[in-house]
Amino acid sequence: MPASILEEVDILLEVALTRRKATLLNCPSCGSVHVAQVLGDNGGISYVCTACGHSWS
């Protein structure tokens, strides 16, 4: 258990940054983070970059 409230805040910030990095999608074509999740024709999930239009699944 952390000895102080500042240690607790540091731990929570570290966890938040790790989660953000883990959930961030980048377009494999242009590297943009402006990515939308869309439902594919067969019910699968695909992604489309709103910056360059590249799509992938």
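Preceding this section is the structure that the text describes.
Presented here is an overview of the structure given in this document.

Some thoughts on the overall build of the chain
Right, so step 1: Tallying secondary structure elements over the chain gives one helix and three strands in all.
Right, so step 2: Going from the N terminus to the C terminus, the chain shows its helices and strands as α-β-β-β.
Right, so step 3: For the chain, the residues scored as buried account for 11% of the 57 residues in total.
Right, so step 4: Of all intrachain contacts in the chain linking residues separated by at least 6 positions in sequence, the fraction that spans at least 24 positions is 12%.
Right, so step 5: Of the roughly 4700 Å² of accessible surface on the chain, 57% is carried by carbon and sulfur atoms.

Some words on the pairing of strand 2 (residues 45–49)
Along any regular strand, the residues point their side chains to alternate faces of the sheet.
Right, so step 1: Here strand 1 (residues 35–39) runs beside strand 2; their pairing, made up of five bridges, is antiparallel. In the strand pairing of strand 2, Gln 37 is matched with Tyr 47.
Right, so step 2: Two successive antiparallel strands, strand 1 and strand 2, enclose a turn made up of five residues, where Gly 43 displays a positive phi of approximately 90°.
Right, so step 3: As defined by bridge partners, strand 2 adjoins strand 3 (residues 55–56) across two bridges and the pair is classed as antiparallel. Each bridged residue has a counterpart across the sheet, and for Tyr 47 the counterpart in strand 3 is Trp 56.
Right, so step 4: Counting the residues in the hairpin turn of strand 2 and strand 3 gives five residues, including Gly 53, whose phi is positive at 90°.

Observations regarding the sheet that holds strand 2
Right, so step 1: Read across the open sheet, the three strands follow the order 1-2-3; overall the sheet is antiparallel. In the strand order of this sheet, the two ends are held by strand 1 and strand 3, each with one partner.

What about a nonpolar patch on the surface?
Right, so step 1: Taken together, the side chains of Ile 5, Leu 6, Val 9 and Leu 13 define a hydrophobic patch exposed on the protein surface, amounting to about 410 Å² of accessible area.
Right, so step 2: Considering the arrangement of structural elements, one finds Leu 6 in helix 1 (residues 5–23).
Right, so step 3: Looking at Leu 6, the relative accessible area reads 60%, which means it is exposed.

Rules of the game
Residues numbered from 1 in each chain as written. Predicted model: local features only at pLDDT ≥ 70, side-chain atom pairs only at ≥ 80, totals over all residues. Heavy atoms only, no water. Helix = DSSP H or I, 4+ residues; strand = E, 2+ residues; numbered from the N terminus. Buried < 20%, exposed > 50% of the residue type's maximum accessible area, 1.4 Å probe, protein only. Contact = heavy atoms within 4.5 Å. Areas by Shrake-Rupley, 256 points an atom, 1.4 Å probe, with all protein chains shown as cover. Pairing = 2+ DSSP bridges. Patch = residues over 30% accessible without salt bridge, like charges linked within 9 Å, V, L, I, M, F, W, Y side chains within 5 Å. Salt bridge = Lys/Arg side-chain N within 4 Å of Asp/Glu carboxyl O.

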